[in-house]
Structure formats: C-alpha cells, structure tokens
Amino acid sequence: MSGRITSIDVVRHNTNIIYAGTASGGLWKSTSGGTTWQPVFDNQEVASVGAVKIDPSNPSTIWVGTGEGNPRNSLNSGYGIYKSLDAGRTWQHMGLEKTKNIHRIIVHPNDPNTVWVGAIGSPWAEHPERGVFKTTDGGKTWKKVLYDVPGAGIADLVIDPTNPNKLVAAMWEHRRWPWFFNSGGPASGIYISHDGGETWKRKTAEHGLPKGDLGRIGLAIAPSMPDRIYAYVESKENALYRSDNGGETWYRISNKGESGIGNRPFYYAEIYVDPKNENRVYSLHTTVTFSEDGGRSFSTFVNPGYVHVDNHAFYVHPDNPDFMVLGNDGGLVLSTDRGGSWQYSENLPIGQFYHVNYDMETPYNVMGGMQDNGAWLGPSQLLKQGGIRNSYWERIVGGDGFDVVPDPLDSRYGYSLSQGANIQRYDRETGKMLGIQPEHPNGEELRWNWNAGVNIDPFDKKTVYLGAQYLFKSGDHGLTWEIISPDLTTNNPEKQKQFDTGGLNYDNSGAEMHTTITVIEPSTREQGLIWVGTDDGNVQLTRDGGKSWTNSAGKFPGLPEATWVQQIKASTHNEGTAVVVFDDHRRDNWSPYVYQTTNYGRTWKRIVDDTDVFGFALAFVQDPVEPNLMFLGTESGLYVSMDGSQTWEKWTHGFPTVPTMDLAIHPREHDLIIGTFGRAIWILDDIRPLREATSLGADKLMEKELHLFSIPDATNAIIGPYWGYRSTGHGMFFGENKPFSAAINFYVKEKKGRVKMEISDANGEVIRTRYFAPDQGLNRVYWGFETDGVRRPGQRKPTGEEVTPPGGYDALPGTYTVKLTYNGTSASGTLNLLKDERVEWDMPALEEKQRFITQYNALVTEMTEAVDRLTEAQQIVSRVEVLDEDNEELRKKSGQVKKELAALRELIFEKPVQGFRSDPNAISNQLGNLRSKIGGSYDPLSQAAQYAYSNVSKNWQPVLQRINDFFNNEWVAYKSFVEGLNLELVKGFN
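Residues numbered from 1 in each chain as written. Predicted model: local features only at pLDDT ≥ 70, side-chain atom pairs only at ≥ 80, totals over all residues. Heavy atoms only, no water.

The protein chain appears in an unreviewed UniProt entry as Sortilin N-terminal domain-containing protein from Roseivirga thermotolerans.

Colleague: How should I be thinking about helix α5 (residues 923-934) in this particular structure?
Modeller: Since there are 3.6 residues in each turn of an α-helix, residues three or four apart along the chain are aligned in direction. Here α5 spans 17 Å end to end across 12 residues, near enough to the 16 Å set by a 1.5 Å rise per residue. Those residues of α5 that sit buried are I923, Q926, L927, L930 and I934. Across the axial projection of α5, the buried residues extend over an arc of 100 degrees, all falling on one side. Buried residues along α5 sit against β67 (807-810), α3 (843-881), α4 (888-908) and α6 (943-968). (Helix = DSSP H or I, 4+ residues; strand = E, 2+ residues; numbered from the N terminus. Expected span 1.5 Å × (residues − 1). Buried < 20%, exposed > 50% of the residue type's maximum accessible area, 1.4 Å probe, protein only. Arc of directions from axis to C-beta. Contact = heavy atoms within 4.5 Å.)

Colleague: Where do I start with the packing of α5 against α6 in this structure?
Modeller: Each pair of packed helices gets described by two things: the angle between the helix axes and the distance between those axes. Relative orientation of the contacting elements α5 and α6 amounts to 160 degrees, with a least axis distance of 9 Å. What the angle tells us is that α5 and α6 run roughly antiparallel. In the crossing of α5 with α6, the sense of the turn from one axis to the other is left-handed. Taking contact as the criterion, the partners of I923, Q926, L927, N929, L930, K933 and I934 in α5 are, on α6, A944, A945, A948, Y949, N951, V952, N955, W956 and V959. (Axes fitted to C-alpha atoms, helices over the stretch in contact; angles between N-to-C directions. Parallel < 35°, antiparallel > 145°, perpendicular 65-115°, else oblique. Left-handed = near helix turned anticlockwise from the far one by under 90°.)

Colleague: Before we go on, may I ask you to explain the side chain of S254 in this structure?
Modeller: With respect to the secondary-structure elements, S254 resides in the loop between β21 (251-252) and β22 (270-273). Judged by relative accessible area, which is 6%, S254 ranks as buried. One polar contact links the side chain of S254 to the main-chain amide nitrogen of L240, over a distance of 3.0 Å. Apart from residues no more than four positions distant in its own chain, S254 is found in contact with A239, L240, G295 and R296. (Polar contact = N/O pair within 3.5 Å; in protein donor to acceptor, adjacent residues only side chain to side chain.)

Colleague: Quick question: what am I supposed to make of the packing of α3 against α4 here?
Modeller: For the pair α3 and α4, the least separation of the axes is 10 Å and the interaxial angle reads 160 degrees. Taken together, the axes of α3 and α4 are roughly antiparallel relative to one another. For the element pair α3 and α4, the recorded crossing hand is left-handed. In this structure, α3 uses V867, L870, T871, A873, Q874, V877, S878, V880 and E881 to contact α4, whose residues at the interface are L890, S894, G895, V897, K898, L901, A902, L904, R905 and I908. Counted by class, the contact of α3 with α4 contains 11 nonpolar, 5 polar and 3 charged residues. (Nonpolar A, V, L, I, M, F, W, Y, C, P; charged D, E, K, R; others polar.)

Okay, structure coming up:
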C-alpha cells in the first residue's frame, strides 16, 4: 500500500541515513536504516521528485530535482531544482523550473559548487529547457552545456568515479500526447565529455552503436574498471551494449534474443554495475534481473513474489555491495545480503489514489484505487486502541486501481475498476470478484479510458453506469447492459491510433486510449439528469435518462479546445448547477480550468484560474449544506473558498503539498475525505466549523474576540483492544485514528492568555474544568468525557491559578453545556453526549454507579488531605532543623517527629524495597485494589467493588485516627517547643 519510488541516495559513511524521492509524495528521510521515515519536502511548490543527490563532500547538503523521469501517462512534473544545507530541514529553490522533469543530478566529488543536472524535460511538449545544465557557483546560475532539439532530453547521466571531468550522457527524443506516445528519433544518442561538460562528442553507429533511430538509453560505468561502460539501448532491436575503452567504441554484448535485460524501456531503462565486480550488471524493469557474465545473459535477481514489480530506483553501496536499496511502484525495500532477502518499508504512506469514495457503515469506510497497487477499502476510524494498521484494509481488486463504488443498498458489495474499465462486482464477505464489463451488441470496438467513468444512479440504486464512447446502463448490477447514448466523444480518428503507440517498442497497454468517457455524474436532485465528460473536451447533458443530449463544448471561455474533462460535480443545491474541472497538462498546459453553470450548461463561468491557485486543477467538491464553502484539489495541494469561489486559500494546516486528486464530503459525519496522488488518503474531521464560519462570514467572525462553534453530538464509544501484535517496534504503519472524544471548536481574535472551558450538567453543576493555550484563529480541543477527578494520596499539590483538575470518571449520557471564557469574554454551547448503541444500557444502574463513585471520591479526598498534612509537616520540620543547627535539643526533637511522620506514612505507603512486592496491608495498595474493582463509569457496580470499598474504609479509619492523634498531641508539643526557642529568622548585619 505504498507507492512509486523514483530516486534513492544514502550517506556513504552512515547507511542509517537514507533519502527516498517519490513520484508525487515528496522526499522522505530515514535516520534509522529504513526502519522509520519522515517527510522533509512537504512545504515546497511541488511533490514530485525525479532525482535526489547527497553532496559527497558534505552529507548535510542535499539536492533535489523535481519531476519524475519515467514518462508514463500518469507521470508527475516538477518546478526545477532545490537545495538544502541542513540535511533536509529547510530548502532553497535554485531555479530550472521550466525543465519540468529532472532525472539525474551529479555533484562534483571535490567541488560542491559544481553540479550537473540531467533534465529529461516535459514529455508533453517540445521545449528548449532540457538537456544537461551545469552550475559552478552552487546553483546561483546555470549554463546549458548539452542540448540538441526541443524534443530530446536527458535519459541518463553518469560520471567517471576516477575522473570527475568525464561525463557520459544519454539524449532521448520522445514525445507523449494524451492519445499517443513515441519513443525514439534521430536526436537520441550517447554523448561523452572530458572537460566537465563544457564540450561533448556524440557516439554513433560508426562507433559500434546500432544504426537508425534510437530511443531511451540507460548508462552505467563500472567503478572497479571505469573504462568499462554499459548502455542499455532502445532501438529496432533492444540490446545491451558495452565499451571497454571508456566509451570510445561500443559493441553489442547481450545475447541475441536476450529478454532478461528488460522490457518497456520508455518506462524503465535503468542499469547499474556492482562497484566491486565489473561483470555483475543489474537491470531494473518490470522485475530486476542481473548478469554475472558482463552483460551477455540475464536471470532473475529479485523474486516478484516477495517484492513489488515495476522498478525505478536502485542504490548499491560503493564500499559494500551487499547493501542495496530498491524502489518500485510498490514502495521501498532494503537488503543487507545482496538481494538474498528484502525488508519492506510499509510505513512509507505514498500511495497514489485516483479516486476516493465512502460507505455509510459506522464507522464509515473509505475506498479507492491506486496507481499499480489495486483498489482498497478500509475504516475511517477504528473503535480499537492504537492506530489504523494496514492489516485492517481490504484489497478488492488488483492491477492499477481506479474508481470504487460501494453498493448503496448493501455495502458488502460494490463495483471496482482497474485499467481499461475492467469492472468487477465484489463481495467483501467471500472475496468473490465477478467481471461485468459489457460488450457492444453488434461487435463494435469499444474505447475504454485507462481511468473510465463509472457511477450509480442516486434514484434507482440498483442501476450502474459505465462509460466507453457510449454510456452504458445496467439495472441488475451489471449482468445485462444497454447503451443509452450515441457516441458522446468527438470520435476523432486521428486520436484513435493507440494500437500503434509506443515508438520503437509497441506499448499498447490501454493508457493512450482516447476519445472516451472519463466522467459520469448523475444528479441527486433531478431524476434522469446525467452529466458526462470525455477526454477530448465534450461535456454532455441529458435530462431524460439518455434519450437526448446537449453538448457544452465551446461554451467555456478561455478553455483550449478538446481539453480533458477531469471531473464534473452536479450541485446538491440546485438542479441546473454543476461544476466542471478540466485538466490540460497532457498538452503541456499547466493552468487550472474550473467552470460553473447555473442554467443546465447554457452558459459557463470560470471560477478558478492561474491567479487563484498554483498548479492545474484536479478535483472539486461543494459543501452540501453551505453552498459558498468549496474545496479544490490541484497538482500542489488543497484549496478552500469560503465565499463561493471568489477567493481561494491554500490549506496548509497539517496537509502537505501533494497532488490532490479527489474530494468527497461524508453526508453523516461531515468529514472531508481527500484522495491524494502521492500521500494516500487523508480525512479532515468534521468541516462544520468551516461551514458555520462561511455562513457567518469571515469578516464578522474575525471581529469577535471569542466564538464558540456549534458542538456536534459525541458518542462515548467502547474502545476495544487492537487485533494482532501488541508490541510492533517502529517499522509498522499506523494511520491516525480520529480521537474518541467530543470536539470543541472555537475562534479567538488574538493569542493572549488561556481559555477556560467549563462543562456543566443539566442541573448547572460544573463537572469538568480545563484550560487551554489557544492559537490565533480557529482552534479545536477535545473533551474525553471525563469529569473532574480528585487528587490521589501522594500526588503533588497544584500551585498557581488556571490549573486543570485531575481527570475523573466519565460523565453519563445526557445534555451538557460547554462554556468558554477568554480574557473576560464568554461563549456557551450545548453538547449531546450519546451512548454507544452497540450495547444495552441500564440507566438506574449507571446512576447507582455514579453515587458509588461520589463516595469513592470522598474517601480518596479524605486520604489525600491526610497525606498532604504529613507531607507538609515533614517539609516544616526540615526547614526548622536548619534554623539552628547547633541546638542539640531541637535536632533531637525534630528527629523524633520525623521518625513518627515516617511511621505514619508507612501505614499508607509501603516502605520501598529492592525488587518488587505488594503489601496488602498498605492503605494505598488497598485503595488501588478498590480502584481496579470499580472499572469505568458505564460498568455495573459489582459486589467486589462494594466489598473492597467497605474493607478499605474500615481499615482506613484507625490509620486516620492515629494521624489525627499525632497532630493533636505530638505535633502541638513540637510546635510549642519550636515557638519557645525564639529563633533568629533574619540575621542582623549591624
């Protein structure tokens, strides 16, 4: 359940420090050899990392090139190069933002100011900002030192480990369109520089490389024999080539027909040489293979039964080739025995979700499909101790996962898509998957998008829709289908040549299937109203269930023709209102395009543009209650509007920069569910405060010194133990669990002082008091349902004002008043505390339990006050002793009193001993036994608790009597003695 790793580097002299760049989840750092990870790139403009490189002369200097270098249809782009001087704590943007995708970085081993960057460039366009760039001033300025044509960028760049002036580069001519991909051209080739990149010489067929157009090339220099260079060359016949004279001449080394070297070179053409053995070559592709004979033959190195496929990043330690780190579409694995075994880092939450959805279970589940990691379903909250582990998630389809739509009539079932609209109806209970993809009744070829549109009819919940070029409808869960539309696309034959896509190597995986339906959005307000969007710019509307259609194409001001429809959201407020999100990045257009209609598509207004957000738009959702509250997902993160799209602000509180691919609002829990393409699924718990703030108006809210938002009902649920392991170490992933508490949301105008919270019952009695230090603006604190407790014997007496009392037993279900006071201003609200409906409740028994708890608290308070007296008396004696250290009688009497005080304490607290034992006669142990018998507020009053209370009360009374006798006699005598000494408390100096 992790995601695509694109680049890896390790501190050479400390392998505990590992950096892992991800396709769209930022940069991660481990200081524990891969056991734990922390994100260190969350606040930059983009989240896609193409290359990470540690300065070999200073491991605190880290370079990151953004934009991944493996240009499949789902690749993510960047914003240039970044530099950190403090091991990833802070970053500086160092330019090259127009390169879009950087695949390689090399730092000079002896001169940290000299850096080379290999920019593959944007695959979606021909542009000049690609090639090899060089800086000699630490990134302040850059010079392009290798460039050929606007359609060619750097596929690989390596440096001779014994000669930092020698560089070898692989130029790659390639181009991607939404409907086609071409790898290869005359500009592809190998270049060598012997003067640090200032000049280059190209190697061609005259030097032994294959004739004709070349495609992607992977390069590797053997550290143990630097004159040996390997090149995996995509050509008319893919093969591994080798040079044994430093790249001057080349010859084919791989055997004829050797398939083990790799496949799909456009997606992965990465080769590496063992640093100690020039004949051992590793090749990364769908699997990982290796050669022991200098590249002639290859066999499996990594067992795909244990390690995810589609490999993109590899690190072999230059001094210890047994230490390896491998990155692929499934995450990161580490080996310390040269691939004999692999340790998987399951706690890298970098899943790339295309869609998110939810069901109506309690707690509800979230679900969605991930890039090359199937589709998954898991709990939004777990009524168990600990976090949400991966083991609580259910995998419901394999392949590339896309939309998951639960059956609204029974969440046991649902529909799940993988690539090319391979739709299955799943059964969560049995695990059965039933393929239900329709066929055209006349055998016509159907065009299914890689990420096809699917939805369920909100009025007839047995009906499911699926989009090819036609809209299909099934009223029986997919057993039979009917076509209810004409071809809703442009049906442009020039965009239907995916059978021949790929260039030098065919790659007809379905990723380039075009002129297809990408979005199906039935209205929840008007039956028969369905919006349909296509990848070639059509926005179609039917209001009669498919009998007639109108197309909005051409009505969107400022929108380029045939722009991909990413999402359509039909309004829950008005039948004629809808919002469309267009995404044109596949044509190298990075602007956001979001439009709204209020008249069934007759006219459209643009509500998001380049001045509002950073990055192209991906997702939109409008609050179903407050229409002016809107959320927007872009390539760079999450944005919110509280004025109906007039202004937008980036949401940064706890949420990283990441492509925000899909958004949904749970109708019962009012949570914002966020599907990210790089950081898995997030939930913003309970957006009702934002809803209320929007309704109130930001200006009015900010005028208030203090505002308490409406308090949602809260359930004091029974929380059970976790399943599985108890002690897990640090390597397991735990998703954050929603607090099992009542959320109190409030706003303060400025930060000064502390907020006092008082919770009162129906009789007006304050049962809980707490203090908080607020932040300026919105705040959320939690009440865990505890009442004010009592201090136990021996616990320190609080000092000062604004002290939160100890927490006690839980309050009973009922209605409570929450009052906040801040700098003289107060605000109050009502909170309904609900019972856990999974169990039966006996309110008279609970009330009896509360009366018993009151008795228990009184007993504890009596004991605590008695111990406080003993403690204070000991402190007094210690202070008095030092006032006249020469007074033998004072020393003797003080010693006797201290001995008596200690004896009294030993009646309550057993004397410390080496080892462990528990004296049942000690009052504190008897009190602890009573506490264990009481249980919680909602547990019935047991006979054992009553007996324990009776016993400890009985045994306490003679102890209390001895304490009282001591203070009435011995202490009074000691006090009189000390007062008669006429001690000099302040020394005179005259």
